[in-house]
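Read off the chains here:
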Amino acid sequence: MWRSSATLSFSSKLLSYSSSSSSNFNHFHYASAFSIFSPNAVVDHTLSPSHQRFYSSSAASSPSPSSDSVIKLGFLANKSDAFRPLGFKASDAIQLARHYGRCYWELSKARLSMLVVATSGTGYVLGSGNAVDLVGLCCTCAGTMMVAASANSLNQVFEINNDAKMKRTRLRPLPSGRIAIPHAVTWASSVGIAGTVLLAYKANMLAASLAASNLVLYAFVYTPLKQIHPVNTWVGAIVGAIPPLLGWAAASGQISLNGLILPVALYFWQIPHFMALAYLCRDDYAAGGYKMFSLTDASGRRTAAVAFRNCLYLVPLGFIAYDWGVASGWFCLESSLITLAISAAAFSFYRDRTTQKARRMFYASLLYLPVFMSGLLFHRLSDEQQCLVENPDRITELSPFSEDVTESGKDDRKKKLSYVTASPLGRAPVAYASIAPFPFLPVPSYVDQ
């Protein structure tokens, strides 16, 4: 009799727990899948104290029923009730995975990290020459993503108190108490080490060294500098310029002058981008205790001047890419147009320093980077085309072909297409002829033997 009443009491409490948790999701404890049926009420210490208190009160309800009582209850009431605990455990495990997955996503600043991956992937393609190793590209992007996630997570660990004071950051996992600091540090360390090892194993040590140094520069230099001096913006620009150089080094195994075009573009692009953001979020940055450049400029005139000046620095990059043989003349034209567009937005902000003008410049900067990188990829020149840019008057020697015998038995000298020239990097030979007005188009050459 006692066992039956105890089982019924446990069942009613379990059903009431289920109904209350489904009606109010905020009070649902994600670790209950592992301990709601435990009589000792084991608590996941990585969760916040409020969650732990709720869990302890809900887990220590009544004595756990024995297996016999559950079986008897199944026969007395409903056979499906005996299997409900397993269903609850699976559901709670899924909720737990979703909870931590969401926390990891926010800790990593996934959208920002994906932008970093895009710049690294672009650098890899530009440094690959004729053929792009897709496996190497994927491994480089994966390693970059993990290192960027680690750096962003450590950034939030160090700035937990500052984030709690700002409106746009107070709901992040650490300030809101959804995840504990030791858990976040473990996550950041794990993905950072894994990403660096992946780059060292699948790419080369140069790429892994750039990734590790960039992680240290962002997490341990730029992050504390934000609360010390406004120069943090320029240090952060260096951090953002390293990923495309990392991609170039992963593909080519070296750092060359041509590989600096995209990093330089990213460095100068970040200044107007962050100046616009700092101007729009001045009050928030002041509440968080950050030393931003815009906070020392009440009128905003110097902030707008710095943004406009760095936009002008972007103007010659398209011509430099063309002159160095990295991209065609079309990219020079496209780069000049989009750079003049962002410069016009910056100049408008300089003349009329309002929130609307700052937001327009911010949106212009968001549009500039993907257009610039896409144009650089679309108009990039292969190794052979770069060789012809450096030696436009070179005449390639075409190798003879052996004679073939036709079906009629008569000898015939066949005219065949040949693309033969020596590649400067030892890749597959291809011949290009320089013919105006299209000096970079491959022209077939017929040989009569």
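Predicted model only: the values in this text are computed from it and were never measured.

### Regarding the overall build of the chain
Here is step 1 of the chain: Within the chain, the secondary structure is distributed over 18 helices and four strands.
Here is step 2 of the chain: For the chain, contacts bridging at least 24 residues in sequence account for 71% of all contacts bridging at least 6.
Here is step 3 of the chain: Here the chain has roughly 23,200 Å² of accessible surface; of this, 63% comes from carbon and sulfur atoms.

### A word on the side chain of Thr-303
Here is step 1 of the chain: Turning to its location among the elements, Thr-303 is positioned in helix α14 (residues 301-313).
Here is step 2 of the chain: Owing to a relative accessible area of 0%, Thr-303 belongs among the buried residues under this scheme.
Here is step 3 of the chain: Sequence-distant contacts of Thr-303, that is, excluding residues within four places in its chain, are made with Met-275, Phe-293, Ser-294 and Asp-297.

### Observations regarding the packing of aromatic side chains
Here is step 1 of the chain: What the rule picks out here adds up to 13 aromatic pairs.
Here is step 2 of the chain: Relative to Phe-349, the ring of Tyr-279 lies with its centre 5.1 Å away and its plane at 75°, an arrangement referred to as edge-to-face. Pair noted here: Tyr-279 is in helix α12 (residues 261-280) and Phe-349 is in helix α16 (residues 329-351), with a separation of 70 residues, a long-range link.
Here is step 3 of the chain: Taking the relative accessible area as the measure of exposure, Tyr-279 reaches 7% and is therefore buried.
Here is step 4 of the chain: Assessed through its relative accessible area of 0%, Phe-349 is described here as buried.
Here is step 5 of the chain: With centroids separated by 5.4 Å and ring planes inclined at 50°, the aromatic side chains of Phe-308 and Phe-347 adopt a geometry described as tilted. Of this pair, Phe-308 sits in helix α14 while Phe-347 sits in helix α16, and the two are 39 residues apart along the sequence.

### Some thoughts on the pattern of salt bridges
Charged atoms that come close allow side chains of opposite charge to pair.
Here is step 1 of the chain: Enumeration over the complete set of coordinates arrives at three salt bridges.
Here is step 2 of the chain: With its nearest N and O atoms 2.6 Å apart, the salt bridge here joins Glu-106 to Arg-178. Taken together, the residues Glu-106 in helix α5 (residues 84-107) and Arg-178 in the loop between α8 (160-163) and α9 (181-202) connect sequence positions 72 residues apart.

### Thoughts on a nonpolar patch on the surface
Here is step 1 of the chain: There is a patch of nonpolar side chains on the surface, built from Ile-255, Leu-257, Leu-260, Val-264 and Trp-324 and spanning about 400 Å² of accessible area.
Here is step 2 of the chain: Take Leu-257: it is sitting in the loop between α11 (232-252) and α12.

### So, empty space enclosed by the protein
Here is step 1 of the chain: Counted according to the given criterion, the structure contains four cavities of 30 Å³ or more.
Here is step 2 of the chain: If you add up the space inside the largest cavity, you get close to 50 Å³.
Here is step 3 of the chain: Gly-123, Leu-126, Pro-244, Trp-248, Asn-258, Gly-259, Ile-261, Leu-262, Pro-263, Val-326 and Leu-376 are the residues that line the largest cavity.
Here is step 4 of the chain: Elements supplying a minimum of two residues to the lining of the largest cavity: α6 (110-126), α11 and α12.
Here is step 5 of the chain: Of the residues forming the lining of the largest cavity, the biggest block, three residues, is contributed by α12.
Here is step 6 of the chain: Of the residues contributing to the lining of the largest cavity, the split by class is eight nonpolar, three polar and no charged.

### Quick word on the UniProt feature "transmembrane region" (unreviewed entry) in the chain
Here is step 1 of the chain: UniProt records the feature "transmembrane region" (unreviewed entry) at residues 179-199, 205-222, 234-255, 261-281, 328-350 and 362-381, using the numbering of this structure.
Here is step 2 of the chain: Helix and strand shares over residues 362-381 are 85% and 0% respectively, and the end C-alpha atoms of the span are 31 Å apart.

### Structural notes on the confidence of the model for the chain
Here is step 1 of the chain: Mean pLDDT for the chain: 76, with 65% of residues reaching 70 or above.
Here is step 2 of the chain: In the predicted structure, residues 394-449 sits below a pLDDT of 50 and forms 82 contacts with residues beyond four places in sequence or in another chain.

### Quick word on the side chain of Asn-232
Here is step 1 of the chain: Secondary-structure assignment places Asn-232 in helix α11.
Here is step 2 of the chain: Setting aside residues no more than four positions away along its own chain, Asn-232 makes contact with Tyr-222, Leu-225, Lys-226, Lys-291 and Met-292.

### Observations regarding the environment of Phe-158
Here is step 1 of the chain: With respect to the secondary-structure elements, Phe-158 resides in helix α7 (residues 134-158).
Here is step 2 of the chain: Look at Phe-158 and you get partly exposed, because its relative accessible area is 39%.
Here is step 3 of the chain: Along the backbone, Phe-158 and Thr-223 are 65 residues apart, and their C-alpha atoms lie at a distance of 7.5 Å.
Here is step 4 of the chain: When neighbours within four sequence positions are excluded, Phe-158 is seen to be in contact with Ala-219, Phe-220 and Thr-223.

### Re the nonpolar core
Most often, soluble globular proteins keep nonpolar side chains buried together rather than apart.
Here is step 1 of the chain: Counting residues in each nonpolar core, the largest one holds 38 residues, and the members touching the most others are Leu-262, Met-361, Tyr-368, Phe-372 and Leu-376.
Here is step 2 of the chain: Broken down by secondary-structure element, the contributors of at least two residues to this core are α11, α12, α14, α15 (317-323), α16 and α17 (355-378).
Here is step 3 of the chain: The contact partners of Phe-372, leaving out residues within four places of it in the chain, are Leu-262, Ala-265, Phe-331, Ser-335 and Ile-338.
Here is step 4 of the chain: One finds Tyr-124, Leu-154, Leu-225 and Ile-242 within the second-largest nonpolar core, a separate group that totals 26 residues.

### Concerning α9
It helps to recall that an α-helix has 3.6 residues per turn; residues three or four apart then point in one direction.
Here is step 1 of the chain: Helix length check: α9, at 22 residues, gives a terminal C-alpha distance of 31 Å against a target of 32 Å (1.5 Å per residue), a fit within 8%.
Here is step 2 of the chain: Of the residues making up α9, those classed as buried are His-183, Ala-184, Ala-188, Val-191, Gly-192, Gly-195 and Leu-199. All buried residues of α9 project into a common sector of 155° when viewed along the axis, lining one side. In α9, the exposed positions angled more than 90 degrees off the buried face are occupied by Pro-182, Ile-193, Val-197 and Tyr-201.

### Topic: α14
Here is step 1 of the chain: With 13 residues, α14 extends 19 Å between its outermost C-alpha atoms, agreeing within 8% with the 18 Å of an ideal straight helix rising 1.5 Å per residue.
Here is step 2 of the chain: Of the residues making up α14, those classed as buried are Thr-303, Ala-304, Val-306, Ala-307, Asn-310 and Cys-311. Axial view of α14: buried residues confined to an arc of 160°, hence all on one face.
Here is step 3 of the chain: As for α14, its buried residues are in contact with α11, α12, α16 and α17.

Conventions used here
Along every chain, residues carry numbers that run from 1 in the direction the sequence is written. Residue-level local features of this predicted model are given only where pLDDT is at least 70; pairs of side-chain atoms are given and counted only at 80 or more, and the full residue set underlies all totals for whole chains, interfaces and linings. Note: side-chain values were computed over all heavy atoms of the structure, leaving out hydrogens and water. Elements are defined by DSSP. Helices are runs of H or I of four residues or more, strands are runs of E of two residues or more, and each kind is numbered from the N terminus. Throughout, a contact is declared for two residues whenever any of their heavy atoms are within 4.5 Å. Surface exposure here means Shrake-Rupley accessible area, sampled with a 1.4 Å probe, where a residue is shielded only by the protein chains that are shown. Think of it in three bands: residues with accessible area under 20% of the maximum for their type are buried, residues over 50% are exposed, and the middle band is partly exposed, with areas taken using a 1.4 Å probe on protein chains only. Centre distance within 6.5 Å is the pairing criterion for rings of Phe, Tyr and Trp, where only the six-membered ring of Trp is used; planes under 30 degrees apart are then read as stacked, over 60 as edge-to-face, and the remainder as tilted. Take a side-chain nitrogen of Lys or Arg and a carboxyl oxygen of Asp or Glu: if they are within 4 Å of each other, that pair is a salt bridge. Grouping into patches uses exposed residues only, defined as over 30% relative accessible area, and leaves out salt-bridged ones; the cut-off is 9 Å for like charges and 5 Å for nonpolar side chains (Val, Leu, Ile, Met, Phe, Trp, Tyr). Buried and open spaces are told apart on a 1 Å grid over the protein atoms alone, a cavity being a set of points where a 1.4 Å probe fits but cannot get out and a pocket being an open set with protein on both sides within 12 Å along at least five of seven lines. Residues with an atom within 4 Å of a point are the lining residues. Grid points are joined across faces, edges and corners, and a volume is the space filled by probe spheres set on the points. Three classes are used: nonpolar for Ala, Val, Leu, Ile, Met, Phe, Trp, Tyr, Cys and Pro, charged for Asp, Glu, Lys and Arg, and polar for all others, with Gly counted as polar. UniProt positions are given in the numbering used here, feature names are shortened, and annotations may be inferred rather than shown by experiment. How sure the predictor is of each residue is captured by pLDDT, a score from 0 to 100. For this analysis, a nonpolar core means a set of buried residues of the types Ala, Val, Leu, Ile, Met, Phe, Trp, Tyr and Cys, connected via side-chain atoms within 4.5 Å. Here a helix's expected span is defined as the number of its residues, less one, multiplied by 1.5 Å. As used here, the arc belongs to the directions running from the helix axis to the C-beta atoms.

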